[in-house]
Amino acid sequence: MENINIDLEQAVDESLEKILNLLEEKQYFKARDEICQYNAVDESEMLEEVIDEAGIEKAVILFRLLPKATSVDVFSFLPTDDQLAIIDAITDSETTYIIDELDFDDKIDVLEELPANVVDKILEKTPKHERKLINTFLNYPDDSAGSLMTPNYISLKKDWSVAEALAHIKEEGMDAETIYTCYVKESDRRLIGIVSLSTLVTKDDNIKIKEIMVDDYVWLDVNDDQEEVADTFKKYGFLALPVVDKEHRLVGIVTVDDVLDVMEEEATEDIERMAGVIDFEDSDREYLDIPVWKHAINRLPWLLILMVAYIFTGQIVASFENQLSAMTCLIIYMPMLMGTGGNTGSQAATLIIRGLATDEVDLSDTLKILWKEFRVGVLLGVLLSLFNFLRIVFIDGETIAVAMTVCLAMIFIVIFAKILGSMVPILVKACKLDPALIANPAISSISDAVALTIYFVVASLVLGI
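Before going into details, it helps to say that this report is about the structure given with it. Everything quoted here is computed from the prediction, not taken from an experiment.

1. Here's the deal with the packing of helix H19 (residues 334-357) against helix H20 (residues 366-395)
Their axes nearest at 12 Å, the elements H19 and H20 cross at an angle of 150°. If you check the angle between H19 and H20, you find them roughly antiparallel. At the point where H19 passes H20, the crossing takes the right-handed sense. On the side of H19, the interface is formed by Met336, Thr340, Ala348 and Ile352, while H20 contributes Ile369, Glu373, Leu384, Asn388 and Arg391. For the contact of H19 with H20, the residue count by class is five nonpolar, two polar and two charged.

Right, here's the structure in full:
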């Protein structure tokens, strides 16, 4: 399987180079034939590269030459920025055709990004019942279950027989997002149960749906945050989940393919938060698409805060100037102690933030986490100190007193850093804030200041300076 994937990647790369050359030579139909050898996902990636390498004009020519059905599929897999670039370059009638042919959830995603005047033009040519449905979906809050869902699902009536249900699936299945789970509704659209396709095909044709449906099911509220939606999918492992309104009327379903995008988006957001570089307006843009000045502005606030924190660290060093003058060899080990404290604190913070995000730990586990990280800190501190004791005495040639000073300080620093890194996210969570907002650099800066204080206090006690 791995060799097959490698061969495919090589073939795609070779075809892409060939397509770029053909476009340069204006042999557009040959370029079309070359790209049409692949599936829609690979075609969309190749078209994305054409946009970057050859420009939007050449890409639009190639896009227009694709078979209509293929062009819609390719369009659905393109990044939002490229979709908008293509829409800007094609006619209104071409845009309307693409939007009409997209799956409903993809259609909503595209319409949410388009300018209002373009949306109005598209909706003018949309049938009245669909226009009303689109407007309803566009009004759901961003990043909610309502904005993720699709209305294309299989609904059944409780009094139908299995034979009637299967006939209905055959009739409507091609337009549904999934047929593996069907939803049973009352006449007022209230969801009362679900039934799987596997259940239907293994039951007698005359059995009523109400006899085999499951009425104890998991559902989503239309206003649930997309992160809660993703957590629910991870917890239960379903391919699709129903979405209901406050009257428990079924308004749509969310499928796992949409949730995978949410998981990637949320993971990226958490990483950016932990690094202190997030800008919510740019969180869905790729790294290379964000201007240099934006990167600088996004990173500046945290760097200013950390710079101020290190001013306090410098003051701590200045307050122990006499001790350092008396024992200049202590300066050599300051970077090592500060770096070790910051690294161990960041390790603990990362694990706890991840645990809180995945519900592996919660606030009720605070004392257990504290006790565990304390023991981990003791063990790591002792092991690191033993290694450094041997290095300081036998390699650096320092006295045992200096080695004892550095090693005792290291034990206390590592223990403190582990406790700091594990408890700060817990504290932030208790304040009903996002633990990922406590960036690892911030924990490192606090750890550095405390590490120096511990180091100098231990030096004063052990060396008497």
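What follows continues from the structure just given.
2. Notes on a nonpolar patch on the surface
Nonpolar side chains collect at one region of the surface, where Ile400, Met404, Leu408, Phe412, Val457, Leu461 and Val462 lie side by side and expose about 630 Å² of accessible area between them. Taken together, the elements giving at least two residues each to the nonpolar patch come down to helix H21 (400-430) and helix H22 (440-463). When residues of the nonpolar patch are assigned to their parent elements, the largest contribution, four residues, is made by H21. With respect to the helices, strands and loops of the structure, leucine 461 is situated in helix H22. For leucine 461, a relative accessible area of 70% puts it in the exposed group.

3. Things to note about the sheet that holds strand S3 (residues 191-196)
Strand order in the open sheet formed by three strands is S1-S2-S3, with mixed pairing between adjacent strands. Every interior strand has two partners, whereas the edge strands, strand S1 (155-157) and S3, have only one. Pairwise comparison of adjacent strand axes, ignoring direction, gives a mean angle of 35° for this sheet. Summarising the sheet, strand S2 (residues 181-185) and S3 pair through five bridges and their orientation is antiparallel. Residue pairing across strands places threonine 181 opposite serine 196, the latter belonging to S3.

4. Quick look at the pattern of salt bridges
The tally for this structure, following the rule as stated, stands at 10 salt bridges. For the salt bridge of aspartate 33 with arginine 32, the shortest nitrogen-to-oxygen distance reads 2.9 Å. In this structure aspartate 33 comes out as partly exposed when scored by relative accessible area, which is 45%.

5. Some words on unusual backbone geometry
The phi torsion at arginine 189 lies on the positive side, around 75°, for a residue other than glycine. Positive phi outside glycine occurs at histidine 248, with the angle close to 65°. Among the secondary structure elements, histidine 248 is positioned in the loop between strand S5 (240-244) and strand S6 (250-255).

6. Observations concerning the sheet that holds S5
The mixed open sheet is built from three strands, whose spatial order is S4-S5-S6. Two strands bound the open sheet, and with one partner strand each, they are strand S4 (220-221) and S6. Examined bridge by bridge, S5 and S6 share five bridges and lie antiparallel to one another. Note on S6: the bridge partner recorded for valine 243 is glycine 252.

7. Some words on helix H3 (residues 40-54)
Taking 1.5 Å as the rise per residue, H3 with 15 residues should run 21 Å; its terminal C-alpha atoms sit 20 Å apart, in good agreement. Regarding H3, its N-cap is asparagine 39, as a side-chain oxygen of that residue lies 3.1 Å from the backbone nitrogen of valine 41 further along. Note on H3: the residue one or two positions beyond its end, glycine 55, has a positive phi of about 100°.

8. Digging into the environment of lysine 121
One can find lysine 121 in helix H9 (residues 116-124). Here the alpha-carbon distance between lysine 121 and threonine 96, two residues 25 residues apart in the chain, equals 8.5 Å.

9. A short note on the packing of aromatic side chains
As enumerated under the stated definition, the model contains seven aromatic pairs in all. Between tryptophan 371 and phenylalanine 374, the aromatic rings sit 6.0 Å apart at their centres with planes inclined by 15°, giving stacked as the arrangement. With tryptophan 371 and phenylalanine 374 both in helix H20, this residue pair falls three residues apart, about one helical turn. Among the residues examined, phenylalanine 374 registers a relative accessible area of 34% and is labelled partly exposed. One Lys or Arg, lysine 68, reaches over the ring of tyrosine 97 and ends 4.9 Å from the middle of that ring.

The rules behind the values
Residues numbered from 1 in each chain as written. Predicted model: local features only at pLDDT ≥ 70, side-chain atom pairs only at ≥ 80, totals over all residues. Heavy atoms only, no water. Axes fitted to C-alpha atoms, helices over the stretch in contact; angles between N-to-C directions. Helix = DSSP H or I, 4+ residues; strand = E, 2+ residues; numbered from the N terminus. Parallel < 35°, antiparallel > 145°, perpendicular 65-115°, else oblique. Left-handed = near helix turned anticlockwise from the far one by under 90°. Contact = heavy atoms within 4.5 Å. Nonpolar A, V, L, I, M, F, W, Y, C, P; charged D, E, K, R; others polar. Patch = residues over 30% accessible without salt bridge, like charges linked within 9 Å, V, L, I, M, F, W, Y side chains within 5 Å. Areas by Shrake-Rupley, 256 points an atom, 1.4 Å probe, with all protein chains shown as cover. Salt bridge = Lys/Arg side-chain N within 4 Å of Asp/Glu carboxyl O. Buried < 20%, exposed > 50% of the residue type's maximum accessible area, 1.4 Å probe, protein only. Pairing = 2+ DSSP bridges. Expected span 1.5 Å × (residues − 1). Polar contact = N/O pair within 3.5 Å; in protein donor to acceptor, adjacent residues only side chain to side chain. Phe/Tyr/Trp six-rings, centres within 6.5 Å; stacked < 30°, edge-to-face > 60°. Lys NZ or Arg CZ within 6 Å of the ring centre and 35° of its normal.

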